[in-house]
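The lines below spell out each chain.
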Amino acid sequence: MATIDYTIPGEHDLETLDIHVNVGPQHPATHGVFRMVLTVDGEVVTDVDPIIGYMHRGNEKLPENCDFRQAIGFHDRTDYLAQFNTEHCYVQAVEKLTGITPTERSEYIRVILAELNRITSHQMFVGAFSTDVGIFGTAFMYAFRDRELIQDFFEEITGERMMYNYFRPGGVAWDVPDNFRERCRQVIGQIKKGISDLEGLIVNNEVVLARCCGLSRMSTADAINWGVSGPLLRATGLEYDLRKAEPYSIYDRFEFDIPTGKDGDIYDRVIVRIEEMKQSVRIVEQALLRMPDGPIMAEGLKRVLRAPEGEVYMRVEGPRGEYGVYLVATGADKPYRHRVRAASFCNLSALRAMSVGNYVSDVVIILGSIDIVLGEVDR
Amino acid sequence: MTFLLADNVWLDALLRMAIVGMLVPVGVILLTWVERKVIGRLQQRLGPMRVGPYGLLQGVADTIKLLTKEDVRPDSADRPTFELAVFVIVVPVFMAAVAVPFTSDIFVRNMALGLFYFLAVSSLGIVGFVMAGWGSDNKYALLGGVRAGAQLISYEIPLILSAVAIAMLGQSLSLYTLVELQDDTPFIAYQPLAFVIFVIAGLAELYRQPFDIPVAESEVVGGPAVEYSGIRWSMFQMGEFVSLVLISALASLIFLGGWIWPFSADNATWLQVVLMAVKTSAFILFFMWMRATVPRLRIDQLMALCWQILLPFTFLQIIINGLVLVYEWPDWTLTILSGAAAIAMGTLIYRVARRSGVLYQTSGATQRVGSVL
Amino acid sequence: MTQETVQEAAPPPEPGPLARLLQELLPGVGFAITVTLLDETVTIGRDDFTRVMETLKGHERLRFDYLRCLSGADYLTELETVYHFYSFEHGHKLAVKVRCPYDDPHVPTVSHLWAAANWHERETHEMYGIVFDGHPDLRPLLTEEGLGYFPLRKSHPLADIEEWQEGYLSAIDEAKRQAASAGGEAAPPMSKVEIAQAKAKLMKEARDKARAEGLSPEDEKAAVRAAIDKFQEDLESGAVGGAAAPAPMSKVELAQAKAKVITKARSEARGQGMTTEDEKAFVAEAIKKFSEEQAGGGAPAAAAPKKEMSKIELAQAKAKVITKARNEARAKGMSTEDEKKFVAEALKNFSAEQDA
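Remember, predicted model here, so these are calculated numbers, not experimental data.

Caption draft 1: Spotlight on the overall build of chain C. In terms of helices and strands, chain C carries eleven helices and seven strands. By residue count, 29% of the 356 residues in chain C fall in the buried class. Sequence-distant contacts in chain C: of pairs separated by 6 or more residues, those separated by 24 or more amount to 51%.

And the structure:
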C-alpha cells in the first residue's frame, strides 16, 4: 500500500496567483463606459489600471470648427449631469474674451438654474452611490423622484430634458415662463423634503457607516497634489470653493456656507455632497427673492461673435469640482484653441492612489464616490 | 395524526412529492411577483402592472421567457461542473422541503429527526455555488463562488447552533413535536437571542441584503449565476425563493409556535393554514423589507460579524440553556438571561458599526483585514 | 473689426506682481508677459523650464501647489504647453507657457512635481505629439495605441476626416506593399478579418460537402475540423493569402471605388475654387460617369436626351440661381436693396431661359 504524505504544505509551497479582473466597460459599477483592470490577490486589490476613452468624441476639437455660440451645445455633452454649470463656464469664458456684460436678470436665471443643476447632479450621485454600496434601488428611486421634478422644471424653461443649450454669451436664449418664481418655490419645497428623506436613508445608516467611514482617506496635501477638486477636496477639510475663492458671476451676493469634511474618507464625500444640496437650495431661495425684471440679453450683439486676440482660462465650481474652459481667440469667430478641464478627469486620475490595498467591493464604492461622468472624462 | 393520500404507503409518498414538485414552482412564480410588488411599493413605484390584473401574470410571462431562452454555455466552461451545479443547488432545497410540516396534516414526511435532516440537507447547496463559480470559467463567478463558499459555511454554524438551542429546550429534533410543545408559549419568549441569531444567519444563508455579497450586483454582477441564462438561471432563482420560504417556515415553526400558537393544538385545518401563512409571510416580507433598505456589508465585516459576534453569543445561549436545564431553574430565568444577552449583542453590533470608522484611524489601512471589532 | 484694430495697437502689457516676483526670484530667466484676462501669464524658454517649475512648486513665496490645468496648443510652427497654477497658501494664480518647435516636440515632465500632471501630460502627448521627457508612462489615454496621427493638431483635418484617413491608410498599405514587392516577398499577409472570413467560408463548404455525402454528425465535425487544420497549415506555409486572380468587384469594393472618385472630384473642385453648388454638380457628374463606366464596361454612354425638368428640379434650379446671385451680390459688396434687385433680375433671366 502506497504511503500517503500527510505533511501540510507551508506558506511558500503553495503557489498563489494574482488574477486580473476586468471591470467594465459594461459593468453596473462603472457608471458608463469606464473600464478598470483590477489585479486582485484574493479579495484585496493590489493594482488598478483605469482605462478611459470609450466615449471620446473630440469635444475639444469640434468647437474649434464652430462659431462661439454653436459650441455651447458641446458643453452640454461633456458633463451631461451638470449641463447648466458647464454652459455657465463656457459662456462666461466667451463673455470675458469678447467683453460682453450679461444682463442682471439673466445672471440670476443662470445662477438659479446652475444651482438647481448642482442639486440634480448630487441627487444622481447619492442614488448611484447607494446602489454601489448595495441598497437595492430604494435610495436611487427616492433621489430620482426629486430629480425628476427639477428635470420637469428645466424642461418647462428650455424645452429639453438633457441638452439644454439655453445660456448664451450676454444672457440666456429666451425669457423664463411667467410662473417661474412660483414653480421654482414649489420645486424647492419638495426638494427640501427629498433631501431629508435621502439623509434618513444614507447618513445615519449603520451599514453605510461601517462601509464608508475611514475608507480611502485622503489628506489635503495629497488631494491638492493629485489635482483633486470639488467635494472630494472639501471632504479633506479644505474650505475651498471657487464660488467663494474666486467669485464669478454674481456669487458674491449670496450667503452660503462651504460644507467640509474631516478625514477625506468616503463618508465625508457623501456628507459634503448632501450638505451642498442644502446650500444650493439656500442660494436659489435668495436669488429668487432678488431676481429683477428686465432684458435677458445684452444689447448690441452682432450676429456673429468675434473675439479679439487673447486667451482666458475660465473656471467654475461644478458639482464634481473645478470645471474649466481654456479659450484662445485670434480675432476670428471661432476659438483657436478650446480646452476643457474636466473635474472628474482629474479626480479619476487619483483612483489608483485611492484604491490600491482595499477590497474589491471597496474599490467599487471608491469609484462611486469620485462621481465620474464619462462624457466629461473622455470628452 | 395523518391521513393518507393513497392506500399504498409508497404511492402516498410519491403523490406527496409530486404535489411538492408542482406547487413549489407555482409558489416561486407568485413569490417573484410579490417581491417585485413589495419592493416596488417600498421604492414608490407600482411594480409590474402590465401583464394581467395588477401584473399578476408577470411571473408567468417571465417563466415562459426563461423557458424559451437559449441555454448558453461558455465555450471554456467546465461542462459537467457547469451543468451539474444548478441541480446541486436546487435538489437539496426540494429535499429540505420534504421535511417541513406546514400544518399538522399537510406535510410530506413527518420525520423524527426533521430539524436535523432539514439543516443537514439544506447546507448541501453550498457545493452547488462553488461548482457554479468554478465551472463557469469567469472571474466574477469565481469571486462570487469563493465568497458564497466562505459566507454560507460560516453562517451555517450560528444557524445550526441556534436551532440546537431550541432542540435542547424541546428535547426533540422532530419539528412536529417542537411545534406541539409551544401550545401556550412560543419558544421565542424563552429564546429571544437564538431567534435573533437565527434570523440574521438565515438572512445570510439566503444571501439577501445586507448579506448579498456572493451575488453583489454592483461588484460581481450576479456572482456564480453570471454565466447562466434561461432555464438554468431560473433554477438559481427557484432555489433562492424556495429557501426563502423554507427558512421562513422553519423560523415560524420553531420560534413562533407554528400552526398552534396562539390557539390550541386542535385547531381546524383552515386555521392552521392561516396561522402558518401569516407567520411565514411575515418573515418573507421582513426579508424583502431588509432587501430594499440596507446596504451590503463587506466580506471581512460579514465574517467578523459571524465569528466574533454571532458565534460567541450562540454558545452563550447554549450555555444558558444548559445551566437552566441542569439546575432546573424556572422558565422565566431563560427569558431574562436570553433577553439580556440579545440586548447586549444588539448594542455591541450597533456600537461596532458606529465606531468602526473611528477604529480604522488607529489600526491603519493594512491591519484591518478581517476585523470589525 | 474695430476690436481687432484696438488690440493690435495695444502696448505690451505691464508685468503684474507675480511676474515681477518671478523676475526677482529667478534672475537670468527670460519671461515674456502676454495678454491676460484672469491669470497672469508668462512664457518661458524650454531651457529654463525645469528650474522655473521647481521654483514655482518649492519657493515659499510662490508655493504653487495646485496644477489646475495643463493644455497643449498648436501654433503651426510651434507647439505650446500651458500650465495653470493656483496656490492655496497665497491664493494667487499664474499661467506658465512653454513652447517647443514642431520637429522637436520635447518638454520636460512635471508629473514628479504635481501628480495631477500625469494624465494631463498623457493626454497632451497623444493629442499633440508633445513628448514629456521623464514621464513614467506615456501611453495614450483616450485614443487607441498606435494611432499614427495627432488629432488636435491643426494639420489634422476635421471636416474631411474620413477621406483623409482613407487616403492616409491606403498610403500606408501601398507603402507596405511596395516594400514587400521590392524585397521579393509574397503579397502582404491577410488581415485578421479576411482570414476569419476565409475560414468561415471554408467551414461552410466543408460542412455542406459533408452533409451532401450524408456523413454522421461526428464525422461531419471531424471533416470540418480537418478542413480548418488544413487551412491553418496553408496559412502558415503561405499558400493562402497571396495575390488572388482579379475577381469582379464586390459591392464593398465598388463602394470604395466610388468613394475614391467622389473624394477626387471634390478635391479637384476645391482646387479650382468652385462654389459649393458647382462643386456638388461636379461631383455628381463624376459619379454619373463612374457608374456609366461600371455599367457599360468603360464605354461612354450616349448622352441622354434632354428631358423636361420636373417641378422639383425646376425649384432646385431656381434656388441655385438665387443662391448664386446672392453670393455674387455679397461678393460685390452691394447694399441689401441692390442685392434684392440683383437677385430678382437673375430670377427673371432664369425664367426667360426656361420658357425659351
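Caption draft 2: Quick peek at the overall build of chain A. Counting secondary structure elements, chain A contains 14 helices and eight strands. Against the 2.2 N^0.38 benchmark of 21 Å for 379 residues, chain A shows a C-alpha radius of gyration of 23 Å, consistent with a compact globule. Referenced to the eigenvectors of the C-alpha coordinate spread, the extents of chain A come out at roughly 100 × 45 × 35 Å. Scored against the burial criterion, the 379 residues of chain A give a buried share of 65%. Counting only contacts in chain A whose residues sit at least 6 apart along the sequence, the fraction spanning at least 24 positions is 72%. Total accessible area computed for chain A in this model is approximately 12900 Å², and 51% of it derives from carbon and sulfur atoms.

Caption draft 3: Examining helix 2 (residues 17–25) of chain C more closely. Residue and element names in this part refer to chain C. Residues L18, A19, L21 and L22 constitute the buried set of helix 2. One side of helix 2 holds all its buried residues, which, seen down the axis, span an arc of 160°. Projecting away from the buried face of helix 2 at angles above 90 degrees are the exposed residues P17 and E24. Buried residues along helix 2 sit in contact with strand 1 (32–33), strand 2 (40–44), helix 3 (49–58) and strand 5 (93–101).

Caption draft 4: Quick look at the pattern of salt bridges. Residues and elements named next belong to chain A. In this structure the tally under the stated criterion is 59 salt bridges over all chains. Two residues, E285 and K192, come together in a salt bridge whose shortest N-O distance is 2.7 Å. One end of the pair, E285, is in helix 10 (residues 266–290); the other, K192, is in helix 5 (residues 180–202), and 93 residues separate them in sequence. The class for E285 is partly exposed, based on a relative accessible area of 30%.

Caption draft 5: Representation of the environment of L297 of chain B within the structure. All names here are of chain B. With respect to the element layout, L297 can be found in the loop between helix 12 (269–293) and helix 13 (299–327). For L297, a relative accessible area of 12% gives the class buried. Considered as a pair, L297 and G52 are 245 residues apart in the sequence and their alpha carbons are 37 Å apart.

Caption draft 6: Just the interface of chain A and chain C, in detail. Opposite the 48 residues of chain A that make contact, chain C presents 47 residues. Across the interface of chain A and chain C, roughly 4000 Å² is buried in total on both sides, 57% from carbon and sulfur atoms. Its largest share of buried area at the contact with chain C, chain A owes to K61, E311 and Y336 of chain A, together 16% of the area lost on that side. Applying the counting rule to chain A against chain C returns eight salt bridges. Here R339 of chain A and E123 of chain C are joined by a salt bridge, their closest N and O atoms 3.3 Å apart. The interface formed by chain A and chain C contains 20 residue pairs in polar contact (both at pLDDT 80 or more). The element that contributes the greatest number of residues to the side of chain A that touches chain C is strand 6 (residues 310–318) of chain A, accounting for five residues. Looking at the side of chain A that touches chain C residue by residue, the classes come out as 23 nonpolar, nine polar and 16 charged.

Caption draft 7: How the structure looks around the interface of chain A and chain B. Each partner contributes to the interface: chain A provides 41 residues, whereas chain B provides 36 residues. Summed over both sides, the interface between chain A and chain B buries roughly 3400 Å², with carbon and sulfur atoms accounting for 55% of that surface. Together, F136, E206 and Y359 of chain A form the three largest contributors to the area buried by chain A at its contact with chain B, with a combined 18%. Ionic pairing is found between D362 of chain A and R298 of chain B, a salt bridge with its closest N-O pair at 2.9 Å. Linking chain A to chain B there are 14 residue pairs in polar contact (both at pLDDT 80 or more). For the side of chain A that touches chain B, the secondary-structure elements that each account for two or more residues are strand 1 (19–23), helix 3 (104–133), helix 4 (138–158), helix 6 (206–212) and helix 13 (360–370) of chain A.

Caption draft 8: How the structure looks around the sheet that holds strand 2 (residues 35–41) of chain A. All names here are of chain A. Pairing is antiparallel in the open sheet, where three strands are placed in the order 1-2-3. This sheet does not close on itself; its edge strands, each paired only once, are strand 1 and strand 3 (44–51). The mean angle between the axes of side-by-side strands here comes to 25°, regardless of whether they run parallel or antiparallel. The pairing of strand 1 with strand 2 spans five bridges and is antiparallel. In the sheet register, V21 faces strand 2, and the bridge partner there is L38. Against the sheet, helix 13 contacts strand 2 and strand 3, and its axis sits at roughly 150° relative to strand 2.

Parameters at a glance
- Residues numbered from 1 in each chain as written.
- Chains lettered and ligands numbered in written order.
- Predicted model: local features only at pLDDT ≥ 70, side-chain atom pairs only at ≥ 80, totals over all residues.
- Heavy atoms only, no water.
- Helix = DSSP H or I, 4+ residues; strand = E, 2+ residues; numbered from the N terminus.
- Buried < 20%, exposed > 50% of the residue type's maximum accessible area, 1.4 Å probe, protein only.
- Contact = heavy atoms within 4.5 Å.
- Rg over C-alpha atoms; globule rule 2.2 N^0.38 Å.
- Areas by Shrake-Rupley, 256 points an atom, 1.4 Å probe, with all protein chains shown as cover.
- Arc of directions from axis to C-beta.
- Salt bridge = Lys/Arg side-chain N within 4 Å of Asp/Glu carboxyl O.
- Buried area = accessible area lost by both parts, 1.4 Å probe.
- Polar contact = N/O pair within 3.5 Å; in protein donor to acceptor, adjacent residues only side chain to side chain.
- Nonpolar A, V, L, I, M, F, W, Y, C, P; charged D, E, K, R; others polar.
- Pairing = 2+ DSSP bridges.
- Axes fitted to C-alpha atoms, helices over the stretch in contact; angles between N-to-C directions.

The values are spatial; any link to function lies outside them.
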